[in-house]
Amino acid sequence: MSERPLPWAMTLLRRELRLSMRVGGGAQVGVLFFLAVVTVIPFGLGPDMNLLARIGPAILWIGALLATLLGLDRLFQADRDDGTLDLMLMAGRPLELVVLTKCLAHWLATGLPLVVAAPVLGIFLNLQPLAMGAVTLTLLVGTPALTLIGAIGAALTVSLRRGGLLLAVLVVPLAIPVLIFGVSAANAALVVGTPFRAPFAILCALSLLAAVIGPVASAMALRFSSD
Amino acid sequence: MAILDYANPTRFLRLTQIVLPWLTAACLAAFAVGLYMTFFVSPEDYQQGQTVKIMYIHVPAAWLCMMTYSIMAISSLGTLVWKHPLADVSAKAAAPIGAAFTLIALITGSLWGRPMWGTYWEWDARMTSVLVLLIMYLGLIALWRTMEDPIRAGKAAAVLTLVGAINLPIIKFSVEWWNTLHQPASVMRMDGPTIDTSMLVPLFVMAGAATLLFFVLHLQAMRNEILRRRVRAMRLKAAAGSRAARMAPPSSPLSSPMSGTPGAAE
């Protein structure tokens, strides 16, 4: 292919975003689920504001992880059902780039709203402004990694009728490092003397690594699912 | 290419039929020696008493749960890169064995931990990563079970196995980092600084016996998988044949979907 990759990637990105925003896209449900998870946790733990402030970053991170897992089956499923995926496979363009673009659109539609919602939900959890900022920043850097790793699971389970539960089981072990360093960096704002820069840098590294492994492995899995 | 000679499943079946009895005998002999040494030769630990003998099961199981994953990762490379026809059979056969060894390592570890640490479970870095490994094994097995076509399932599982192989060191590193951050005081070691020779020899014998057990089980499971696929292929062929036979006589075309009950097809 001699054409420059940027124009068609932009077209694809616009298409994906438009589809996810419109009726049937379901991009907003993830934020609602996030809200539901954060609301339900104090009922289990009790309304202890000090405890909530201490574990608040962890609650927000786990909520964001669950909300991301919930939305992942949308990544390739709809395109496979209506045949778009086959067209993308046959178009002769680098499938890795297609997957990366789809992941970017998916993150903009489902991951970014979680990041934006995090400070608001932080109020429920009695987070101080500094902790709120730390959680939001780590989510901003870390949720792309969750989407990109999750894309592998979504690509592997795309041919299954109800792959959502299996997808979560496959993705969770791979997402553990992201969760560890995300929560660690966010907790640095709460506990004096814990490092912020080191876990934050590792979190960035994990996102970059996922940007390589995720599209390559997902493209491979998608090719195998079609033949 | 020696490894390509065994790409032929029939040749593989013939070869393993010769090898397996000898391998089984060697495995049994190694276990007999190893267990004898464990119970009658190796001394009790001056601190741990009899419970130190759990180590002779636990350490080989822990070593094998990692070796099995390495074998699965190499097999997955064989599936994706060289398209070796037995590679996905090998990976599929290894997964349940690896899961079993992982489970044994976890169970014996917690049985040992109860008298030693006073708790069955501790979020120790090593235990946590083994637990994550168990989840990955079970996820892989679940992925194999959800796809009907063994070739397609093998390719999907190979992708996931390799992604897991890249991620396992990262998971292990991050869990260790997390653990030291949360509980800096708890440094728990299975052994002291060194192990005495009187314990090291039985440990090596048991590790060798367990490795032999893995290869016996693995080869046998591969044989079963090959035969299972043949049965599946024959069934598909028979089903296609009976359908063709049912469709072929044009005497009663109207009744063919209704009268095609399994009883009538026989």
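Note that this is a predicted model, so its numbers are computed, not measured.

When its secondary structure is counted, chain B shows 9 helices and 0 strands. Expressed as a percentage of the 266 residues in chain B, the buried residues total 31%. A separation of at least 24 residues holds for 78% of the contacts in chain B among residues at least 6 apart in sequence.

Let's shift gears to the overall build of chain A. Scanning chain A from terminus to terminus reveals 9 helices and 0 strands. The order of α-helices and β-strands along chain A, N terminus first, is α-α-α-α-α-α-α-α-α. Across its three principal directions, the C-alpha atoms of chain A cover 55 × 35 × 30 Å. Each of the 227 residues in chain A was classed as buried or not, and the buried ones make up 49%.

What follows is about the UniProt feature "transmembrane region" (unreviewed entry) in chain B. Under the local residue numbering, the UniProt record ascribes the feature "transmembrane region" (unreviewed entry) to residues 20-41, 61-82, 94-113, 125-144, 156-179 and 199-219 of chain B. Secondary structure content for residues 156-179 of chain B is 100% helix and 0% strand, and the end C-alpha separation is 33 Å.

This brings us to the UniProt feature "transmembrane region" (unreviewed entry) in chain A. Residues and elements named next belong to chain A. If you check UniProt for "transmembrane region" (unreviewed entry), the listed places come out as residues 21-45, 51-76, 97-124, 130-158, 165-192 and 198-222 in our numbering. Within the segment residues 97-124, helix and strand shares are 100% and 0% respectively, and the terminal C-alpha atoms sit 39 Å apart. End C-alpha to end C-alpha, residues 130-158 measures 41 Å, and it is 93% helix and 0% strand.

Here we take up the packing of helix 3 (residues 55-82) of chain B against helix 7 (residues 197-247) of chain B. In helix packing, the relevant descriptors are the interaxial angle and the interaxial distance, both defined with respect to the helix axes. All names here are of chain B. Interhelical geometry of helix 3 versus helix 7 gives an angle of 45° and a closest axis separation of 9 Å. Judged on the interaxial angle alone, helix 7 and helix 3 are oblique. The two elements helix 3 and helix 7 cross, and the hand of that crossing is right-handed. On the side of helix 3, the interface is formed by Met55, Tyr56, Val59, Pro60, Ala61, Trp63, Leu64 and Thr68, while helix 7 contributes Pro202, Leu203, Met206, Ala207, Ala210, Thr211 and Phe214. The class makeup of the residues in the contact of helix 3 with helix 7 is 13 nonpolar, 2 polar and no charged.

Glancing now at the interface of chain A and chain B. Across the contact, 18 residues belong to chain A and 21 residues belong to chain B. Among the secondary structure elements, those contributing two or more residues to the side of chain A that touches chain B are helix 7 (129-156), helix 8 (164-187) and helix 9 (197-226) of chain A. Looking at which element gives the most residues to the side of chain A that touches chain B, the answer is helix 8 of chain A, with 10 residues. Considered class by class, the residues forming the side of chain A that touches chain B number 17 nonpolar, 1 polar and no charged.

This part covers the nonpolar core. Ranked by size, the top nonpolar core spans 129 residues in total, and within it Ala175 and Ala221 of chain A together with Val159 of chain B carry the most contacts. Sequence-distant contacts of Val159 of chain B, defined by excluding residues within four places in its chain, comprise Leu156, Ala217, Met220 and Ala221 of chain A.

A few words now on the packing of helix 3 (residues 49-71) of chain A against helix 7 of chain A. Residue and element names in this part refer to chain A. Two elements in contact, helix 3 and helix 7, have axes separated by 10 Å at closest approach and are oriented at 25°. On the basis of the axis angle, helix 3 is roughly parallel to helix 7. Pair helix 3 / helix 7 crosses with right-handed handedness. The residues of helix 7 that touch helix 3, namely those facing Gly56, Pro57, Leu60, Ala64, Leu65, Thr68 and Leu69, are Ala131, Val135, Leu139, Thr143, Leu146, Thr147 and Gly150. Its residues assigned to classes, the contact of helix 3 with helix 7 shows 9 nonpolar, 5 polar and no charged.

Another point: the confidence of the model for chain B. All names here are of chain B. When pLDDT is averaged across chain B, the result is 82; 84% of the residues are at 70 or more. Per-residue pLDDT stays below 50 along residues 184-193; that stretch engages in 3 contacts with residues further than four places along the chain or on separate chains. Contacts for the low-pLDDT stretch residues 252-266, under 50 throughout, to residues beyond four places or in other chains number 7 contacts. Predicted complex, confidence summary: ipTM 0.87, pTM 0.86.

Another aspect to go through is the environment of Val159 of chain B. Note that Val159 of chain B resides in helix 6 (residues 150-182). It is 8.8 Å that separates the C-alpha atoms of Val159 of chain B and Leu77 of chain B, two residues lying 82 residues apart in sequence.

A few words on unusual backbone geometry. Although it is not a glycine, Asn126 of chain A adopts a positive phi angle of roughly 60°. The residue Asn126 of chain A is located in the loop between helix 6 (95-124) and helix 7 in this model. Phi at Lys83 of chain B takes a positive value of approximately 50°, unusual for a residue other than glycine. Topologically, Lys83 of chain B is positioned in the loop between helix 3 and helix 4 (87-117). On the neighbour-count criterion, Lys83 of chain B (11 C-beta atoms within 10 Å) is exposed.

Now for the environment of Ser184 of chain A. Relative to the elements of secondary structure, Ser184 of chain A occurs in helix 8. Once the C-alpha coordinates of Ser184 of chain A and Pro195 of chain A are considered, the two residues, 11 residues apart in sequence, prove to be 8.3 Å apart.

Thresholds, definitions, all that
Residues numbered from 1 in each chain as written. Chains lettered and ligands numbered in written order. Predicted model: local features only at pLDDT ≥ 70, side-chain atom pairs only at ≥ 80, totals over all residues. Helix = DSSP H or I, 4+ residues; strand = E, 2+ residues; numbered from the N terminus. Buried ≥ 20, exposed ≤ 12 C-beta atoms within 10 Å, placed from the backbone. Contact = placed C-beta atoms within 7 Å. UniProt positions renumbered as here; feature names shortened; annotations may be inferred. Axes fitted to C-alpha atoms, helices over the stretch in contact; angles between N-to-C directions. Parallel < 35°, antiparallel > 145°, perpendicular 65-115°, else oblique. Left-handed = near helix turned anticlockwise from the far one by under 90°. Nonpolar A, V, L, I, M, F, W, Y, C, P; charged D, E, K, R; others polar. Core = buried A, V, L, I, M, F, W, Y, C linked by C-beta atoms within 7 Å. pLDDT = per-residue confidence, 0-100.

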